Every structure is written in structure tokens, then in C-alpha cells.
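Here are the chains, one letter per residue:
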Amino acid sequence: MCDILIVGGGPAGLMAADYLSKLNYSITLVDQMPTMGRKFLMAGKSGLNLTKNEPFEKFLKNFSENTPQLLCALENFTPHDVQSWATSLGISLFTGSTGRVFPTHMKASPLLRAWLSQLDKRGVNRRHKMKAIALNDMSLLFETEDGEEEISAKAILFAMGGASWRRLGSDAGWLKWLNNVTNEKFRASNVGLKINWSNHVNKYFGEPVKAITLKSGTIQSQGEIVITQTGIEGGGIYSLSPAIRKGEEIFLDLLPNWNEKQLNDALQKPITKVSWSNHLRKVFKLNRVKQTLLREFSSNSLSKEQLLLDLKCLRITHQGVDEIDKAISTAGGVNFDQLDNNLMLSKRPGIFFAGEMLNWDAPTGGYLITAALATGLWSAKGIDSLLSGSSFS
Ligand SMILES: Cc1cc2nc3c(=O)[nH]c(=O)nc-3n(C[C@H](O)[C@H](O)[C@H](O)COP(=O)(O)OP(=O)(O)OC[C@H]3O[C@@H](n4cnc5c(N)ncnc54)[C@H](O)[C@@H]3O)c2cc1C
């Protein structure tokens, strides 16, 4: 028996433990993996983008779900608070030119180490290799290396993550046993696109494509993409995920910074002697990789009207998005409408939810970790309010 049982040692669960451990509760924090924060560590592999420095209104617009609970959580723990919190753990940060905030050393491990050590000092009982498999009233049954074990608590927080990168722990196995909770089906978000490339593209695998704009439905993205053996990856395509999920087509603008006059002037230039690819390079300043994309997806018509359309609005033919397990994050999960303002299941007082397990979606760029931290903290405040009988705003 403990006061508070937190299931899931990702950013959401750790942040909840962080707050509650300052308040004199007995806390048990469990994870099914041998160590905590594995996805967080993976996020730091190519640079841990912790949050985004931009006007708060703009920041909020990146979240698909405008639920009051998510809004309250993010207002209570803003990108500014994320930075103060990381700094308080001894981690120095920098803000890139696009507003993305990273630890100076880019990795997640120093931050995670400092965080876990702080929790240990405050007496949080951290337990590993414990897989939650059933909920009975306020008791949770775990599968452990030594057989089954039951832990009861006054409040239980589920922060078991989304449904991608199963090998890091968030395998959505809870869908089988958390029966009374209404979920929206998990779908891949921030995920690459599958494309059956022709052989012409082979030599560009691994190449970035910069200075482009991608559009799908109402979403426009200026991030770069990388050509891979199986399609394309990168921020530029990831942020279109919500529109692609709705079946919207994807269009590529290869010359986003060209004005109408520049385009018209270039289109008037006759194609003489020089090869087509030289013409594209000299007149339209298209590098090899952009030329290859043009060749791959265009009708290859030499009419000026069609060329203009292809350069500015090239339709990408694809075979759908990559499998969910390869997605950076997932949309779907526990629906907000069955949770109270503090992320507690309305029909089961004492049961709380936080993190990517909840049904919200956002692009990469620090939004995911910020929302995981913010909902972890917000649910922790709800737990304290329930157990202490106090209220908070
Ligand atoms: C490659 C990659 C790069 C990323 N880069 C960024 C980035 O730069 N910036 C950003 O904002 N976001 C990034 N993300 C996303 C971010 O890491 C996640 O959104 C975030 O980790 C979600 O936090 P969480 O606490 O909700 O869940 P998780 O971090 O997934 O943690 C959930 C935990 O619950 C445990 N668990 C699950 N089921 C059980 C069970 N039955 N019993 C016990 N324990 C269980 C899991 O083992 C896991 O440790 C990246 C993700 C990936 C995969």
C-alpha cells in the first residue's frame, strides 16, 4: 500500500512524481522496462527538443485537441516553465534560430540522471520490470520477474505513453485491461511517408531536401525532409500527419521563395542546346535532389503551364504513412471527455491519466515533451487536491 502509485516512468510520470515527492506522500513509481525514460533518452539521440520559444498563443495552436484540461495543463506549465525546470536540474539550454529549445549538450541522459537522482533523494520508491496487467478497484496487479504482485494506493496515475516504439516500453498493452476507459484508436503521428521510388532516386537516399514547402489540407510546413530507401522522413512531412490521416493529398513547392516575376522571367527563358537538367539547375536553381523529385513526381511535360504547376505544386504520389511503431508519436488514446478538469476519470475517483496516453496530437518541435510534462504536473496537482482535500487553481 502506498499513497500514490504512478505507472510509467516517461516524462509525464516522472514529472508527477517530481511534484508529489515534495509533498510528503509515499510514492511508488513503476515501469515495465529495466530502466525509466527510455523514449525520452531516444528523443535525445538526435537532439532533445524540450520545448519551443514562441508566443504562447502560437504555441497552443499546434495542439489538435483544444480541450480545457490540456489548455489548463499547458497554461500551468508553459514553455518558459519547462526551461526553468530543466535549468533547476543543472541543465544549460539554448534556443535555436527556429525557437526550438535544446540542452546545450543535446542529449537527454544528463537531464534524466539528475531528475532520477532528485526523485531518489526525496524517497520515491522506483521499481522496474513491473508490467501493470490488471486494475481492481484501487489495486493494480503487476507481472514481475518473481511472479505477480499487487499494489494498492489511494490514487493511481497512469502515464503509460502512446503506441509507438514498443521496444522502449510504450506498447499500449493497457488497451487490453483498462476496460472501462474510452479510447480513440491510436494512429501514427509525426511519421514518415512510404514511397516506391524508381531507381533514379537510389543515389539520394539519406539526402536532405531543404528550402521547400509542403502542403496537405490546411497544413503548410516549411521543415526539411530526408529521402530514405522507403520514402521520406523529417519535420517537413511529420507536421502534415493530421491532414494525411484524413486522406488529404500532399503537394511540394520546390521554389517557395520565388515571387511571380522571378518565375515568369525564368519560364520565358528558351531551352536551347543545354540539357533539361542544366536548364533546371541554371534557370530555376534546382539542385540534383530537387530535380530528381521533380522528375519522379511530375508529368515531365515541357509545357510552361505544367512546369510552373510542377515546380510550385508537385503532387507527391505515395503508399501511405509508415507503420505506427516507427512513428515519433501517436494520436488517439484516452478521451478527455471522461476525465474531470484534473485528468481524473470522472466515474472512478482516484484514477488519473497523463502524457501521450491521452488523446491529443501535436507536431515535433518540443510540443510533445512539453505536453507530457505539463499533463503529468497537472494530474499530480489533481492527485494532491484529492488526497489533501484542498483545491487549486
Ligand atoms: C525517436 C523519437 C524522438 C523524439 N523526439 C522528441 C523531441 O525531440 N521532442 C519532443 O517533444 N518529443 C520527442 N519525442 C516524443 C516524446 O519522447 C514522447 O512524446 C514522450 O516521451 C511521451 O512521454 P510519456 O511520459 O507520455 O510516455 P513515454 O515516454 O512513452 O513513457 C511511458 C512509460 O510507461 C511505461 N509503461 C507502458 N506500459 C506499461 C505497463 N503496462 N506497466 C508498466 N509500465 C508501462 C513504458 O515502459 C514507458 O517507460 C520523440 C519520440 C521518439 C520515438
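Residues numbered from 1 in each chain as written. Predicted model: local features only at pLDDT ≥ 70, side-chain atom pairs only at ≥ 80, totals over all residues. Heavy atoms only, no water.

A. Quick look at the packing of helix α9 (residues 260-268) against helix α12 (residues 304-312). Between α9 and α12, whose axes approach to 11 Å, the crossing angle comes to 135 degrees. In terms of axis orientation, α9 runs oblique to α12. Where α9 crosses over α12, the two elements pack in a sense that is right-handed. Counted together, Leu263, Leu267 and Gln268 of α9 and Lys304, Leu307, Leu308 and Lys312 of α12 form the full contact between these two elements. For the contact of α9 with α12, the class distribution of residues is four nonpolar, one polar and two charged. (Axes fitted to C-alpha atoms, helices over the stretch in contact; angles between N-to-C directions. Helix = DSSP H or I, 4+ residues; strand = E, 2+ residues; numbered from the N terminus. Parallel < 35°, antiparallel > 145°, perpendicular 65-115°, else oblique. Left-handed = near helix turned anticlockwise from the far one by under 90°. Contact = heavy atoms within 4.5 Å. Nonpolar A, V, L, I, M, F, W, Y, C, P; charged D, E, K, R; others polar.)

B. Main features of the site of the ligand. Inspection of the region around the ligand gives 31 residues, with Asp31, Asn49, Ala132, Glu356 and Ile369 positioned closest. Here an oxygen atom of the ligand and a backbone polar atom of Ala12 are 3.0 Å apart. Between Asp31 and the ligand, the recorded distance is 2.5 Å, taken from a side-chain N or O atom to an oxygen atom. Considering only residue class, the shell around the ligand consists of 16 nonpolar, 11 polar and four charged. (Near = heavy atom within 4 Å. Polar contact = N/O pair within 3.5 Å; in protein donor to acceptor, adjacent residues only side chain to side chain.)

C. Up close: the pairing of strand β8 (residues 139-144). Most of β8 is tucked away: five of the six residues are buried. Connecting the antiparallel pair strand β7 (residues 131-136) and β8 is a turn made up of two residues, with Asp137 showing a positive phi of about 55 degrees. By the bridge criterion, six bridges tie β8 to strand β9 (residues 147-158) in an arrangement that is antiparallel. The residue of β9 that forms the bridge with Glu143 is Glu148. Between β8 and β9, which pair antiparallel one after the other, the connecting turn spans two residues. (Buried < 20%, exposed > 50% of the residue type's maximum accessible area, 1.4 Å probe, protein only. Pairing = 2+ DSSP bridges.)

D. Focus on the pattern of salt bridges. If you walk through the whole model with that rule in mind, you get 11 salt bridges. Arg315 is the salt-bridge partner of Glu249, the closest N and O atoms lying 2.9 Å from each other. Note that Glu249 is positioned in the loop between α8 (241-245) and β17 (250-253) and Arg315 in strand β18 (residues 314-315), a separation of 66 residues in sequence. Looking at Glu249, the relative accessible area reads 38%, which means it is partly exposed. Note that Asp253 is salt-bridged to Lys312, the shortest N-O span being 2.8 Å. On the criterion of sequence distance, the pair formed by Asp253 in strand β17 and Lys312 in helix α12 is long-range, its members being 59 residues apart. By relative accessible area, which is 9% here, Asp253 ends up buried. (Salt bridge = Lys/Arg side-chain N within 4 Å of Asp/Glu carboxyl O.)

E. Molecular detail of the environment of Leu314. As for its placement among the helices and strands, Leu314 is situated in strand β18. With a relative accessible area of 0%, Leu314 lands in the buried category. Sequence spacing of Leu314 and Leu254 is 60 residues, and the spatial spacing of their C-alpha atoms is 7.9 Å. Apart from residues lying up to four places away in sequence, Leu314 is in contact with Ile250, Phe251, Leu252, Leu254, Leu293, Leu294, Phe297, Ser298 and Leu309.

F. The arrangement of the sheet that holds strand β11 (residues 193-194) in detail. Across the sheet, four strands lie side by side as β11-β16-β15-β12; this open sheet has antiparallel pairing. Across the chains shown, the open sheet's two edge strands, defined by having one partner strand only, are β11 and β12 (208-209). Pairing analysis gives three bridges linking strand β15 (residues 225-228) to strand β16 (residues 231-233), with the strands arranged antiparallel. Bridged to Ile227 within β16 is Ile232.

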